[in-house]
Amino acid sequence: MVCELRLWRTEYAEDLAVLLNNKNILDNLRDGLPYPYTASDAYDFIKAMLDFDKDNLFAFAVFYKNELAGSIGIFRQSNIHSRTAELGYYIGERFWNKGVATEAVEKICQFVFDNSDIIRVYAEPFSRNKASCRVLEKAGFVCEGTMKANAVKNGVIEDMKIYAKIKEVK
């Protein structure tokens, strides 16, 4: 076992702020996160994760060797997509290349497939984010295609990949 998923606790805020106050991580995430990222920002995020409807959001702190290493969540979609969910995650830079992200993705998908009626989990990394694409592939996701000019990040028009993992029906 490389990593452990734990429910969020507000006392993780200081460590989360240190991890996420990093442009190398923020440049690969959607907009909306402040930079610099403060302990107050982290506290607000954790509070929101704890207050969210547990049937629609599965959010965990990722730990590696008993240290906060990142964040991972699966967010249920709505309407005809209510059994589909989007995966989002980030791992602190000093924890990269240790297998943490891959194992966290595998664990959260297994948890969601075992504990909900969700049958499809998808993720949309930037095409240029080869490391995240590789994490998804190693965790059993299949690339379904490239979405051309799908986003604008830091003033640059970006392609994104779409990956999905489907629950195995036994």
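As a starting point, this report considers the structure included with it. Bear in mind the structure is a predicted one, so any value in this text is a computation, not a measurement.

### Observations concerning the packing of helix α4 (residues 100-115) against helix α5 (residues 130-138)
- Their axes nearest at 9 Å, the elements α4 and α5 cross at an angle of 45°. In terms of orientation, α4 lies oblique with respect to α5. Helix-helix and strand crossings are classified by hand; for α4 and α5 the assignment is right-handed. Residues Ala101, Thr102, Val105 and Glu106 of α4 form the contact with α5, whose participating residues are Val135, Leu136 and Lys138.
- Across the contact of α4 with α5, the residue classes break down as four nonpolar, one polar and two charged.

### A look at the pattern of salt bridges
- Tallied over the full model, the rule gives 15 salt bridges.
- We note a salt bridge from Lys153 to Asp31, for which the minimum N-O separation is 2.8 Å. Pair noted here: Lys153 is in strand β6 (residues 142-153) and Asp31 is in the loop between α2 (23-26) and α3 (39-51), with a separation of 122 residues, a long-range link.
- Using a relative accessible area of 6% as the deciding quantity, one classes Lys153 as buried.
- Given the relative accessible area of 57%, Asp31 is considered exposed.
- Look at the salt bridges and you will find they share partners, linking Arg30, Glu86 and Glu124 into a network.

Conventions we followed
- Residues numbered from 1 in each chain as written.
- Predicted model: local features only at pLDDT ≥ 70, side-chain atom pairs only at ≥ 80, totals over all residues.
- Heavy atoms only, no water.
- Axes fitted to C-alpha atoms, helices over the stretch in contact; angles between N-to-C directions.
- Helix = DSSP H or I, 4+ residues; strand = E, 2+ residues; numbered from the N terminus.
- Parallel < 35°, antiparallel > 145°, perpendicular 65-115°, else oblique.
- Left-handed = near helix turned anticlockwise from the far one by under 90°.
- Contact = heavy atoms within 4.5 Å.
- Nonpolar A, V, L, I, M, F, W, Y, C, P; charged D, E, K, R; others polar.
- Salt bridge = Lys/Arg side-chain N within 4 Å of Asp/Glu carboxyl O.
- Buried < 20%, exposed > 50% of the residue type's maximum accessible area, 1.4 Å probe, protein only.

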